[in-house]
Every structure is written in C-alpha cells, then in structure tokens.
Amino acid sequence: MDMGDTYTKNANPEEKTPWNPSKKATKRVKDPIDAPTKCPHCQGQVGIKKNSVVYNGKCYGEWPWIYMCLDRSCDSYVGMHPFTNIPLGTLANHEIREARKKAKAKFHSLSAGLDLRRDVMYQMLADEMGIKKKDCHFGHFDVQQCEFAEAACFNLKFNLKR
C-alpha cells in the first residue's frame, strides 16, 4: 500500500500505525468492514495516507490516517477508527461527504433534544428507515440513503412531538 508522506513501515516496532494497529482498539470496533483496495467511484487503487493530504498540510486528530483513492482527480477518502486500520465507513467523494455531514447534523440536532442513549437513537433511526441497526451508519450511506435518513429524522421529530 502507498504510505504517503515520508513514513516508513519499520520506523519503530512499538509505534502504533495502520501497519501495526492496537489489538485492544481493534477489538473495540463493532461490525468492522474490510479495508478498501479499489475505489468504488473510479475503480482506482486505494492507499493509506496521512490526513494532512486533504487538510492543506495539517494533520488532524490523534490518529491522522485515511484510506484514499490514489487517482488524484477522484478525491475519495475515508478515515480510520483510532489506532486501527479499520475504515470508519466507505470511501466517499465530495458529494457523499457533504450528504453525510448534512444528514448526521440533522440526526444530532434531533438527538440533542432527547434524553436517550446513542444506541437507542440509532435503533429509532434504523426502524424509521426500515433497515437493521447494524446497517445504520452514516459512514456507510450513499447520497440517497443520506437523504432518506434526513427525512427519517424529520418524521421522528414530528412523531415525537405528538
């Protein structure tokens, strides 16, 4: 895999990297998905990079690693669960990332007014969308599913006010 930056895989065997993930952190991830190898948008190869390549040279977060399409014209990427090599979702281009942000913001807005656990909120959303809770993950949604999730949040808000 392409590593990006000047990092070398064998720099420090104790250092946690996508090539040497934390076993403890990896076990904590519920319903992990496989690492992408091919971009679903352009069929290009996927590599591991530091997130500074998408944030104008600045790394963000305590785990600054992403999977990224290596076709520079594609602009698809996804972050990783901290201290693992497990993707947070599916590769997303600009349109999908914006749809995910918008839908998740609606969900958080709905959640903010309710005194319910996060898992209960996701179950309610999944039920409203007619999907399984394990499939109710904004990082896995495409644009159409994001729009459906927004509509489901609106319906939940309306029905909870009654």
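Residues numbered from 1 in each chain as written. Predicted model: local features only at pLDDT ≥ 70, side-chain atom pairs only at ≥ 80, totals over all residues. Heavy atoms only, no water.

## Structural notes on the overall build of the chain
Next, step 1: On a plain count of helices and strands, the chain comes out with four helices and three strands.
Next, step 2: Taken from N to C terminus, the helices and strands of the chain fall in the order α-β-β-β-α-α-α.
Next, step 3: Counting only C-alpha atoms, the chain reaches 60 × 35 × 25 Å along its principal axes.
Next, step 4: Per-residue burial over the chain gives 38% buried out of 162 residues.
Next, step 5: Summing over all exposed atoms, the chain offers an accessible surface of approximately 10,300 Å²; the carbon and sulfur share of this is 50%.
Next, step 6: Charge-centre separation for the chain: the mean point of 26 positive side chains lies 4 Å from the mean point of 19 negative side chains. (Helix = DSSP H or I, 4+ residues; strand = E, 2+ residues; numbered from the N terminus. Buried < 20%, exposed > 50% of the residue type's maximum accessible area, 1.4 Å probe, protein only. Areas by Shrake-Rupley, 256 points an atom, 1.4 Å probe, with all protein chains shown as cover. Lys, Arg positive; Asp, Glu negative; His and termini not counted. Charge placed at Lys NZ, Arg CZ, Asp CG, Glu CD.)

## Digging into the sheet that holds strand β2 (residues 65–69)
Next, step 1: Pairing is antiparallel in the open sheet, where three strands are placed in the order β1-β2-β3. Across the chains shown, the open sheet's two edge strands, defined by having one partner strand only, are β1 (46–50) and β3 (77–79). On average, each strand axis in the sheet is inclined to that of its neighbour by 30°, with strand direction left out of account.
Next, step 2: Where β2 and β3 come together, three bridges link them in antiparallel fashion. In the sheet register, Ile66 faces β3, and the bridge partner there is Gly79. (Pairing = 2+ DSSP bridges. Axes fitted to C-alpha atoms, helices over the stretch in contact; angles between N-to-C directions.)

## Quick word on the pattern of salt bridges
Next, step 1: Considering all chains together, one arrives at four salt bridges under this definition.
Next, step 2: The salt bridge involving Arg97 is made with Asp75; its shortest N-O contact spans 2.8 Å. Within this pair, whereas Arg97 is found in helix α2 (residues 94–112), its partner Asp75 is found in the loop between β2 and β3, the two being separated by 22 residues in sequence.
Next, step 3: With a relative accessible area of 33%, Asp75 lands in the partly exposed category.
Next, step 4: Note that Asp119 and Arg117 form a salt bridge whose closest N and O atoms lie 2.9 Å from each other.
Next, step 5: Residue classification places Arg117 among the exposed positions, given a relative accessible area of 57%. (Salt bridge = Lys/Arg side-chain N within 4 Å of Asp/Glu carboxyl O.)

## Remarks on the side chain of Arg100
Next, step 1: Along the chain, the position of Arg100 falls in helix α2.
Next, step 2: Buried and unpaired, Arg100 has Asp142 as its nearest opposite-charge partner, separated by 7.9 Å.
Next, step 3: Only 3.0 Å separates the side chain of Arg100 from the backbone oxygen of Gly139, close enough to count as a polar contact.
Next, step 4: The contact partners of Arg100, leaving out residues within four places of it in the chain, are Thr90, Leu91, Ala92, Phe138, Gly139, His140, Phe141 and Cys146. (Polar contact = N/O pair within 3.5 Å; in protein donor to acceptor, adjacent residues only side chain to side chain. Contact = heavy atoms within 4.5 Å.)

## With respect to helix α3 (residues 118–129)
Next, step 1: The terminal C-alpha atoms of α3 lie 16 Å apart, and with 12 residues this matches the ideal 16 Å at 1.5 Å per residue to within 8%.
Next, step 2: Of the positions making up α3, those classed as buried are Met121, Tyr122, Met124, Leu125, Ala126 and Met129.
Next, step 3: Gly130 sits one or two residues past α3 and shows a positive phi near 75°. (Expected span 1.5 Å × (residues − 1).)

## Description of the state of the cysteines
Next, step 1: This structure, assessed with the given rule, holds zero disulfides.
Next, step 2: Of all cysteine sulfurs in the structure, the one in Cys74 sits closest to Cys39, which takes part in no disulfide; the separation is 3.6 Å.
Next, step 3: Owing to a relative accessible area of 0%, Cys39 belongs among the buried residues under this scheme.
Next, step 4: Cysteine Cys59 remains unbridged, with the sulfur of Cys69 as its closest cysteine sulfur at 20 Å.
Next, step 5: Looking at Cys59, the relative accessible area reads 36%, which means it is partly exposed. (Disulfide = S-S within 2.5 Å.)

## Topic: the packing of aromatic side chains
Next, step 1: With the rule as written, the count across this model stands at eight aromatic pairs.
Next, step 2: Plain terms: the ring middles of Trp19 and Trp65 are 5.4 Å apart, the flat faces sit at 90° to each other, and that makes the pair edge-to-face. Taken together, the positions of Trp19 in the segment before α1 (23–28) and Trp65 in strand β2 put the pair 46 residues apart, joining distant regions of the chain.
Next, step 3: The exposure class of Trp65 is buried, given its relative accessible area of 5%.
Next, step 4: For the pair Phe107 and Tyr122, a centre-to-centre distance of 4.6 Å together with 45° between the ring planes defines the contact as tilted. (Phe/Tyr/Trp six-rings, centres within 6.5 Å; stacked < 30°, edge-to-face > 60°.)

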